[in-house]
Amino acid sequence: MTSKNNHPELIAALTKGISNLTTSEDWQRYLSFQSRFHRYSYGNALLIAAQRATATRVAGFNAWRTMNRFVRKGEKAIWILAPMMYKNAAADSGEDDRVIRGFKFVSVFDIAQTDGEEPPTVCNRLDGDDPEGAYDILFEVARSIGFTVVQHEFEGTTNGDCSHCDHRIRVEGRNTPAQQVKTLAHEIAHALLHEHVDSRALAELEAESVAYVVCRGIGFDSCAYSFGYVTTWAGGGEQAIAGIKGSCERIQKTAATILQAFESEALDEEAA
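Quantities reported herein were computed from a predicted structural model and do not represent experimental measurements.

### Here we look at the overall build of the chain
Stage number 1. Per the secondary structure count, the chain includes 10 helices and eight strands.
Stage number 2. For the chain, buried positions account for 41% of its 272 residues.
Stage number 3. Restricting the contact set of the chain to residue pairs at least 6 apart, pairs at least 24 apart contribute 67%.
Stage number 4. Split by element, the accessible area of the chain, about 15100 Å² in all, is 50% carbon and sulfur.

### Focus: helix α5 (residues 134-144)
Stage number 1. Within α5 the residues assigned to the buried category are Ala-134, Tyr-135, Ile-137, Leu-138, Val-141 and Ala-142. One side of α5 holds all its buried residues, which, seen down the axis, span an arc of 160°. Projecting away from the buried face of α5 at angles above 90 degrees are the exposed residues Asp-136, Arg-143 and Ser-144.
Stage number 2. Immediately downstream of α5, the backbone of Gly-146 shows phi near 90°, a positive value.

### Examining the confidence of the model for the chain
Detailed reading of predicted coordinates is not advised where the pLDDT is low.
Stage number 1. Averaged over every residue, the pLDDT of the chain is 85; residues scoring 70 or more account for 86%.
Stage number 2. This stretch, residues 1-5, has a pLDDT under 50; its non-local contacts, to residues over four places away or in other chains, come to nine contacts.

### Side note on helix α8 (residues 223-234)
Stage number 1. Over its 12 residues, α8 extends 16 Å from the first C-alpha to the last, a length consistent with the 16 Å expected when each residue adds 1.5 Å.
Stage number 2. A positive phi of about 95° marks Gly-235, the residue just after α8.

### Looking at the packing of helix α1 (residues 7-21) against helix α9 (residues 237-246)
Stage number 1. At their nearest, the axes of α1 and α9 sit 9 Å apart, and the two run at 170° to each other. With respect to α9, the element α1 is oriented roughly antiparallel. Together, Ile-11, Leu-14, Thr-15, Ile-18 and Ser-19 of α1 and Gly-237, Ala-240, Ile-241 and Ile-244 of α9 make up the contact between the two elements.
Stage number 2. Tallied by class, the residues present in the contact of α1 with α9 amount to six nonpolar, three polar and no charged.

### Focus on the packing of helix α7 (residues 200-217) against α8
Stage number 1. Look at α7 against α8: their axes get within 9 Å of each other, and the N-to-C directions meet at 160°. By the angle class used here, α7 and α8 are roughly antiparallel. The handedness of the crossing between α7 and α8 comes out as left-handed. Taken together, the residues of α8 that come into contact with α7 (itself represented by Arg-200, Ala-201, Glu-204, Leu-205, Glu-208, Ser-209 and Tyr-212) are Cys-223, Tyr-225, Ser-226, Phe-227, Tyr-229, Val-230, Trp-233 and Ala-234.
Stage number 2. Class assignment of the residues belonging to the contact of α7 with α8 gives a composition of 10 nonpolar, two polar and three charged.

### Here's the deal with the sheet that holds strand β7 (residues 160-163)
Stage number 1. Strand order in the open sheet formed by three strands is β6-β8-β7, with mixed pairing between adjacent strands. Each having just a single partner strand, β6 (148-152) and β7 make up the two edges of the open sheet. Taken pair by pair, the neighbouring strands of this sheet meet at an average axis angle of 20°, ignoring direction.
Stage number 2. Where β7 and strand β8 (residues 168-172) come together, four bridges link them in antiparallel fashion. Paired with Cys-162 across the strands is Ile-169, a residue of β8.
Stage number 3. In this fold α5 packs onto β6 and β8, with an angle of close to 130° to the strand it touches most, β6.

Reading guide: rules and limits
- Residues numbered from 1 in each chain as written.
- Predicted model: local features only at pLDDT ≥ 70, side-chain atom pairs only at ≥ 80, totals over all residues.
- Heavy atoms only, no water.
- Helix = DSSP H or I, 4+ residues; strand = E, 2+ residues; numbered from the N terminus.
- Buried < 20%, exposed > 50% of the residue type's maximum accessible area, 1.4 Å probe, protein only.
- Contact = heavy atoms within 4.5 Å.
- Areas by Shrake-Rupley, 256 points an atom, 1.4 Å probe, with all protein chains shown as cover.
- Arc of directions from axis to C-beta.
- pLDDT = per-residue confidence, 0-100.
- Expected span 1.5 Å × (residues − 1).
- Axes fitted to C-alpha atoms, helices over the stretch in contact; angles between N-to-C directions.
- Parallel < 35°, antiparallel > 145°, perpendicular 65-115°, else oblique.
- Nonpolar A, V, L, I, M, F, W, Y, C, P; charged D, E, K, R; others polar.
- Left-handed = near helix turned anticlockwise from the far one by under 90°.
- Pairing = 2+ DSSP bridges.

Shown next as structure tokens:
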């Protein structure tokens with residue numbers, strides 16, 4: 001088990017892993033895929049959430065086809081607003097040659113509504129077991145801060161969530177034991193840090209960074225998932241590293257709080 005004094009070393013390993021990832025061919029393939037998706041406005045994000053709260057990646061019917069994925073028959077479309085672009089008659093005067101003249105509703109579909117070729121990913125679910133009973137210890141950590149933990153089957157790619165209103169954490173029960181351990185550490189970090197969130201991206205960066213440090217501290221290697229997750233939410237390698245540095249103290253303290261339970265468990269076993 002890693003001691004508290006090694007937490008800065010683990011955070012350094014996280015930033016190095018992100019730096020290596022973002023210069024790799026896998027990252028370039030991932031960016032190429034992501035570039036085919038539109039960046040939706042705040043209003044459209046609300047429309048998507050209202051119609052399909054579990055949506056993660058949306059695109060139009062034909063856009064999915066270009067990525068060798070196909071909308072399943074009978075799936076209900078998600079409707080968003082798209083700008084109606086027209087040529088600017090004053091373009092010759094040096095102004096932009098296209099202007100927006102209103103909006104129209106267009107249909108998109110979430111990736112969970114499609115079948116076909118799997119998209120490239122830099123965030124891979126973990127394989128492996130939980131021979132040391134880490135999940136049970138984390139379960140008790142969650143209970144000690146007033147949160148229940150339940151197994152759940154999510155639609156789509158969600159691995160877990162945390163509700164401060166219900167004081168409840170849900171973990172995808174169909175994942176491997178190793179992935180469930182990492183997810184529970186991630187959601188406990190949310191429970192400790194993010195009752196009120198100004199930036200979802202920063203919250204996810206902090207929670208996954210905590211999960212990485214905790215997993216490394218108890219002998220789990222979560223880099224196959226954590227590096228890509230942090231980088232994707234931050235918007236790129238440089239942004240991720242800057243975010244980790246800015247939140248370093250919060251990440252360290254939260255990871256130390258969680259890891260105390262494992263150190264106490266080890267002391268109890270030695271005493272027995």
